[in-house]
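Next come the chains, spelled out residue by residue.
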Amino acid sequence: MILSRSEFQDRPWHATPPLDMVAALAVSSMLGPEESQLYHWVGRRAQGLGATVDLGAFAGGSAARLLSGLTLSGHRHHLHAYDFFTATGKARARWVPDAKPDSNGVADILPHVMARLAPWQGQFTLHRGDIGQAKWSGDPIEILAVDAAKSTALTDHTATQFYPALLPGQSVIMHQDFLHDILPWIPAQMVALRDCFEPLAKVENDCLVFMCHRVPSAMELQGARTDGLSDGDLCQRVLLAADWLKAMVPERRFEKMIHKIQANPGVRIGWKMK
Ligand SMILES: C[S@@+](CC[C@H](N)C(=O)[O-])C[C@H]1O[C@@H](n2cnc3c(N)ncnc32)[C@H](O)[C@@H]1O
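As the structure is a prediction and not an experimental result, all values here were calculated from the model.

Undergrad: Even after reading the chapter, I still don't get the overall build of the protein, so can you show me in this structure?
TA: Helix and strand counts for the protein come out as 11 helices and nine strands. Taking 274 residues into account, the globule formula puts the C-alpha radius of gyration at 19 Å, and the protein, at 18 Å, falls close to it. With the principal axes as the frame, the protein shows a C-alpha extent of 50 × 50 × 35 Å. When burial is assessed residue by residue, the protein has 54% of its 274 residues classed as buried. Sequence-distant contacts, at least 24 apart, represent 75% of the contacts inside the protein between residues at least 6 apart. Carbon and sulfur atoms make up 55% of the accessible area of the protein, which amounts to about 11,900 Å² in all. The centroid of the 27 positive side-chain charges in the protein is displaced by 4 Å from the centroid of its 28 negative side-chain charges.

Set out below in structure tokens:
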């Protein structure tokens, strides 16, 4: 899709007719209301130039929003959703209460996701397993939604596997957790690739949208790696990101990330950040 910062500044997703989203909103999601509109709108803007990839699909909510838009795009499309497709504890009870847990408290939610996405049958593939082991075919990707960059290793793997398939001037990345203070490696990665990606919008609390200007080379991806950075180097990258994004994101959001890094020396997995 042809994208521009000015188009995103007008936030056209707010004008999405509510009736167009009825089927998608029937699928529960951790996305907020504006993020839901954004995902639908981005799907609708797709030009059939490549796949849509949803990393961290959970109960299918993000996939449903993208698929409802893709269906209205009028172009050929296919969505690839990746997740373990399991749920435990409060998340299971809140978002997939109909999935029964096994004796270890783990529920297989894949059949439930299939059923929830039934309106778009044939338009998607569910890939169950560790995204950290996932291999992308290399086919072009027009839309990449990332909600699984929960560690430095996963963040690096996502970039290595999926970013080379983005289309310059056409593809969009939605980083769902970009400003989540327990995941400072996401801005640390993206700022190192700032010659390749242009920030287009901040949506709700944590989501940032980027356009791919240029496909990062293998050397640039290597240079953007976050696994193995010292705490000091990670903080430096976060500070660089704060400067890069100062027109869009208040500085205090990055200060919170630096406090988290300092309070959790060497920790590189989000849920372990206290
Ligand atoms: C915040 S949830 C995604 C929410 C979803 N996009 C929605 O619309 O509700 C993050 C998901 O990432 C998945 N995830 C995290 N690490 C993963 C990994 N290494 N491999 C596969 N899935 C992973 C989790 O299973 C979880 O479902």
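Undergrad: I tried to follow the site of the ligand on my own but got confused; where do I start?
TA: Taken together, 17 residues lie around the ligand, and Ser29, Met30, Asp83, Asp130 and Ile131 are the ones closest in. Note that an oxygen atom of the ligand is positioned 2.7 Å from one of the backbone N or O atoms of Met30. Here Asp130 contributes a side-chain N or O atom positioned 2.8 Å from a nitrogen atom of the ligand. Taken by itself the ligand offers 600 Å² of open surface, and the protein chains cover 87% of this.

Undergrad: Mind showing me how you'd approach helix H8 (residues 185-192) here?
TA: Because an α-helix completes one turn every 3.6 residues, residues spaced three or four positions apart along the sequence face the same direction. The element H8 is extensively covered by neighbouring structure, given that seven of its eight residues are classed as buried. For H8, the set of buried residues is Trp185, Ile186, Pro187, Ala188, Gln189, Met190 and Val191. Tucked into the core, H8 has its buried residues touching helix H7 (152-162), strand E7 (172-175), strand E8 (197-203), strand E9 (207-212), helix H10 (231-244) and helix H11 (251-263).

Conventions used here
The residue count restarts for each chain, going from 1 along the sequence in the order it is written. pLDDT decides what is reported in this predicted model: residues at 70 or higher carry local features, side-chain atom pairs at 80 or more are listed and counted, and totals for whole chains, interfaces and linings draw on all residues regardless. Think of the side-chain values as coming from all heavy atoms in the structure, minus any hydrogens and water. In this text, helices come from DSSP runs of H or I with a minimum length of four residues, and strands from runs of E with a minimum of two, each type numbered from the N-terminal end. We take the radius of gyration over the C-alpha atoms and set the globule estimate at 2.2 Å times the residue count to the 0.38 power. Under the scheme applied here, a residue whose accessible area is under 20% of the maximum for its type counts as buried, over 50% as exposed, and between as partly exposed, the area being computed with a 1.4 Å probe on protein chains only. Two residues form a contact once any of their heavy atoms are found within 4.5 Å. Methods summary: accessible areas were calculated by the Shrake-Rupley approach with a probe of 1.4 Å, and residue burial reflects only the protein chains presented. We count Lys and Arg on the positive side and Asp and Glu on the negative side, and we leave His and both chain ends out. Just so you know, the charge point we use is NZ for Lys, CZ for Arg, CG for Asp and CD for Glu. Near is defined per residue: the residue qualifies when any heavy atom it owns lies within 4 Å of the molecule or strand. Any pair of nitrogen or oxygen atoms within 3.5 Å is treated as a polar contact; in protein, a donor-acceptor pairing is required on top of that, and neighbouring residues in sequence qualify only through side-chain atoms on both sides.

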